Amino acid sequence: MTESYDVVIVGAGFAGLTAARELSRRGYSVLQLEARDRMGGRTWTDERFGRQLEMGGTWVHWLQPHTWSEITRYDLAVVASPTAQQVRWIAGGQVRVESPADFRARITPGHNALLRDALKWFPRPYEPLSNPDLGEIDGQCILDRFGQLDLADEDRELQIGIWAEHFSAPPELCALTQALRWCAAASGDWQLMDDSTSTYRIATGTRSLAEGIHADSTADLRLGQVVRRISQDAAGAVVVTADSRTYAARQVIVTVPVNALAGIDFEPALPPLIGAAVAERLASRGLKTWIKVRGEVEPFTAYAPASNGLTWLRSEFPATGPDGDTIFVAFGPDAAVLDPNDLAGVTNAVHRWRDDLEILEVTGHHWVADEFSRETWPMLQPGQLTSYLAALQAGHGLVRFAGSDYATAWAGFIDGAIESGLRTAATVHRTFQSITR
Ligand SMILES: Cc1cc2nc3c(=O)[nH]c(=O)nc-3n(C[C@H](O)[C@H](O)[C@H](O)COP(=O)(O)OP(=O)(O)OC[C@H]3O[C@@H](n4cnc5c(N)ncnc54)[C@H](O)[C@@H]3O)c2cc1C
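Residues numbered from 1 in each chain as written. Predicted model: local features only at pLDDT ≥ 70, side-chain atom pairs only at ≥ 80, totals over all residues. Heavy atoms only, no water.

Going by what an unreviewed UniProt entry lists, the protein is known as Flavin monoamine oxidase family protein and is assigned to Fodinicola feengrottensis. Annotation of the protein in UniProt includes, under Sequence similarities (unreviewed entry), the sentence "Belongs to the flavin monoamine oxidase family." (UniProt positions renumbered as here; feature names shortened; annotations may be inferred.)

Next comes the structure, spelled out in structure tokens:
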């Protein structure tokens with residue numbers, strides 16, 4: 001038997017949870033189908049190493065308006081990640097050690113040069129395609145731009161490593177426009193951009209924010225329901241799950257990441273530009289891993305060139321508890337090169353910075369191998385912004401796409417997922433209103 005709803009939402013990450021709350025509170029009948037056995041999507045607060053660790057999205061900031069508004073609404077607190085006493089970075093194969101202030105002074109010229117024109121190209125981050133000349137630079141990757149800048153070789157190598165971490169991707173896949181968009185979202189100030197993206201986390205975990213939003217929703221959320229097919233015609237849409245259940249809907253909101261959309265058959269087929277984006281894939285293919293190191297280690301942050309398995313590492317939890325071990329978090333640009341759960345590989349990468357550390361355990365989630373994400377945080381390849389964003393946001397008939405991958409300003413962040421969930425819910429509501437008028 002086919003159940004009927006006003007709206008079927010595919011996915012229960014932040015975009016899906018937000019859209020479900022908004023539409024169910026407006027009185028629509030909403031069914032939410034989530035493939036995994038948990039909600040939260042690419043955020044996942046999980047108990048590992050005896051702590052609540054974030055496997056995915058973590059840091060939030062008051063400059064991210066949609067996330068911050070939800071943090072206020074659910075009366076949550078944030079805590080700052082620890083401040084490092086020391087920065088270690090690798091250039092020309094050598095490990096350098098500097099104070100955080102000296103390191104910041106070192107990277108400032110490169111960041112300023114790369115990001116100087118952020119507000120020229122993105123004067124209004126919430127209208128990312130508003131500059132008619134964007135096509136002039138959208139084909140460039142950050143390597144093209146760094147090649148034009150007057151930087152010492154070691155500073156160029158350092159900068160490229162930093163951006164490979166920001167992109168969760170090898171540098172040749174990193175669109176210059178995406179770097180400029182990040183900076184424009186932070187009002188053109190790269191230091192604010194840095195603070196916004198890696199300083200504060202929700203004290204009770206991202207899970208508490210997801211639970212807050214879900215508690216305010218009356219949508220029927222069903223976990224473990226993998227959507228395999230979505231068809232539509234003049235009579236409406238039909239959503240089919242892997243176990244052959246069928247659901248009829250007047251509107252469908254799909255919050256599946258672009259790189260995982262190939263897991264669903266659309267009938268009729270997706271429009272050519274969306275199909276091309278799915279086939280090409282977004283840039284994001286990196287890793288995040290948690291590392292348990294024996295004993296107390298003075299906090300430090302570390303950077304490495306893009307060719308290293310890990311390009312950024314930071315002490316995240318100082319030695320506490322009965323075992324007195326220290327926990328680090330680290331990122332790398334390519335999970336095909338280094339698996340986040342590969343103890344030997346991660347140890348090898350960490351030892352490039354400090355070979356005296358005894359790595360006891362590593363843990364992470366392989367988001368790229370996961371069929372329901374196939375990417376970490378969404379980042380664009382050269383040309384994808386001007387080629388695909390408008391088509392992705394326009395949707396496909398009765399099917400609309402929502403999520404961080406489809407967001408306007410802080411695309412790639414929790415904020416973008418919430419923004420897109422809110423906007424898509426508003427569009428669906430407006431559509432229903434125009435039909436009943
Ligand atoms: C390692 C990592 C680190 C990150 N760090 C940060 C950070 O510090 N700060 C920040 O703001 N953001 C960060 N992000 C990004 C942020 O987590 C995401 O942008 C955001 O959570 C995406 O939300 P979403 O709802 O758009 O997509 P998702 O969370 O991916 O939700 C989509 C949902 O759809 C489900 N789904 C997929 N396919 C199907 C199907 N066929 N049928 C049914 N359900 C399906 C998925 O299981 C998932 O639950 C990070 C992400 C990762 C992976």
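Having put the structure on the table, let's press on.
**Student:** Explain the site of the ligand to me, please; I cannot follow it from the model alone.
**Tutor:** The immediate surroundings of the ligand are formed by 38 residues, with Glu34, Arg42, Trp59, Ser404 and Ile414 found nearest. Contacts to the ligand include Phe14, whose backbone N or O atom sits 3.2 Å from an oxygen atom. For the ligand, an oxygen atom lies 3.1 Å from a polar atom in the backbone of Thr58. For the ligand, the protein covers 98% of the area, taking 1000 Å² as the surface of the free molecule. Listing elements by their share of the shell around the ligand, those giving two or more residues are α1 (14-25) and α14 (414-436). Residue composition of the shell around the ligand, by class: 20 nonpolar, 14 polar and four charged. (Near = heavy atom within 4 Å. Polar contact = N/O pair within 3.5 Å; in protein donor to acceptor, adjacent residues only side chain to side chain. Areas by Shrake-Rupley, 256 points an atom, 1.4 Å probe, with all protein chains shown as cover. Helix = DSSP H or I, 4+ residues; strand = E, 2+ residues; numbered from the N terminus. Nonpolar A, V, L, I, M, F, W, Y, C, P; charged D, E, K, R; others polar.)

**Student:** Help me understand the packing of aromatic side chains, please; the structure alone is not making it clear to me.
**Tutor:** Aromatic rings considered in pairs are described by the distance between their centres and by the relative angle of their planes. According to the stated counting rule, one finds 17 aromatic pairs in the structure shown. Where Phe103 meets Tyr303, the ring centres are 4.6 Å apart and the plane angle is 25°; that geometry is what we call stacked. Linking Phe103 in helix α3 (residues 100-115) with Tyr303 in strand β16 (residues 300-303), this pair joins segments that are 200 residues apart in sequence. Take Phe103 and Tyr303: they sit in the same class, and that class is buried. Pairing Trp163 with Trp182 gives two aromatic rings, centres 6.4 Å apart and planes at 55°, and the pair type is tilted. (Phe/Tyr/Trp six-rings, centres within 6.5 Å; stacked < 30°, edge-to-face > 60°. Buried < 20%, exposed > 50% of the residue type's maximum accessible area, 1.4 Å probe, protein only.)

**Student:** Would you mind showing me how to read the sheet that holds β16 here?
**Tutor:** Hydrogen bonds along the backbone pair up the strands of a sheet, which may run parallel or antiparallel. Pairing within the open sheet is mixed, and its seven strands lie in the order β8-β7-β16-β17-β18-β15-β19. Of all strands in the sheet, those bounded by a partner on one side alone are β8 (94-98) and β19 (359-363). For this sheet, the mean angle separating the axes of adjacent strands, direction not counted, is 20°. Pairing geometry for strand β7 (residues 86-91) and β16, over four bridges, is parallel. When the sheet's bridge partners are listed, Gln86 is paired in β16 with Phe300. Contacts from helix α12 (residues 343-351) reach β15 (287-293), β17 (312-320) and β19, with the element oriented near 115° to β19. (Pairing = 2+ DSSP bridges. Axes fitted to C-alpha atoms, helices over the stretch in contact; angles between N-to-C directions. Contact = heavy atoms within 4.5 Å.)

**Student:** What exactly am I supposed to notice about the packing of α1 against α14 here?
**Tutor:** Each pair of packed helices gets described by two things: the angle between the helix axes and the distance between those axes. As a packed pair, α1 and α14 sit with axes 7 Å apart at the nearest point and diverge in direction by 35°. Classified by chirality, the crossing of α14 by α1 is right-handed. Taking contact as the criterion, the partners of Phe14, Ala15, Thr18, Ala19, Arg21, Glu22 and Leu23 in α1 are, on α14, Ile414, Ala417, Ile418, Gly421, Leu422, Ala425, Val428 and His429. Grouping the amino acids of the contact of α1 with α14 by side-chain chemistry returns ten nonpolar, three polar and two charged. (Left-handed = near helix turned anticlockwise from the far one by under 90°.)

**Student:** Could you clarify how one ought to interpret the pattern of salt bridges in this entry?
**Tutor:** Side-chain pairing between opposite charges can occur once the charged atoms of the two side chains come close. Inspection of every chain in the model, using the stated rule, returns 24 salt bridges. The salt bridge partner of Arg21 is Glu22, with a shortest N-O separation of 2.9 Å. Residue classification places Arg21 among the buried residues on the basis of a relative accessible area of 0%. Taking relative accessible area as the criterion, Glu22 reaches 23% and is therefore assigned partly exposed. Here Arg36 makes a salt bridge to Asp370, at a shortest N to O gap of 2.7 Å. With Arg36 in the loop between β2 (30-33) and β3 (45-48) and Asp370 in the loop between β19 and α13 (384-394), this residue pair connects regions lying 334 residues apart in the sequence. According to the relative accessible area criterion, Arg36 is buried, its value standing at 11%. Through salt bridges with shared partners, one network takes in Arg96, Glu98, Arg106, Glu154 and Asp155. (Salt bridge = Lys/Arg side-chain N within 4 Å of Asp/Glu carboxyl O.)

**Student:** Any chance you could explain the nonpolar core here in plain terms?
**Tutor:** Most often, soluble globular proteins have nonpolar side chains that are buried together. With 88 residues, the main nonpolar core has Leu115, Trp163, Ile230, Val252, Val254, Phe266 and Phe401 as its most contacted residues. No other element matches the seven residues that helix α8 (residues 176-185) contributes to this core. The two domains that each donate at least three residues to this core are domain 1 (3-42 + 205-282 + 379-436) and domain 2 (104-193). Leave out the neighbours within four places in its chain, and Val252 touches Val8, Val10, Ile230, Ala237, Val239, Leu398, Val399 and Arg400. In this structure, Ala15, Leu17, Val30 and Val428 belong to the second largest nonpolar core, which totals 27 residues. (Core = buried A, V, L, I, M, F, W, Y, C linked by side-chain atoms within 4.5 Å. Domains from an automatic or database assignment.)

**Student:** Help me understand unusual backbone geometry in this model?
**Tutor:** With the exception of glycine, the majority of residues adopt a negative phi angle, and the majority of peptide bonds are in the trans configuration. With an omega dihedral of 0°, the bond running from Glu267 to Pro268 counts as a cis peptide bond. Not every positive phi belongs to a glycine, and Ser168 is a case in point at roughly 55°. Look at Ser168 and you get buried, because its relative accessible area is 0%. Here the phi dihedral of Ser244 falls at roughly 65°; this positive angle occurs in a residue that is not glycine. The topology assignment puts Ser244 in the loop between β12 (236-241) and β13 (246-254).

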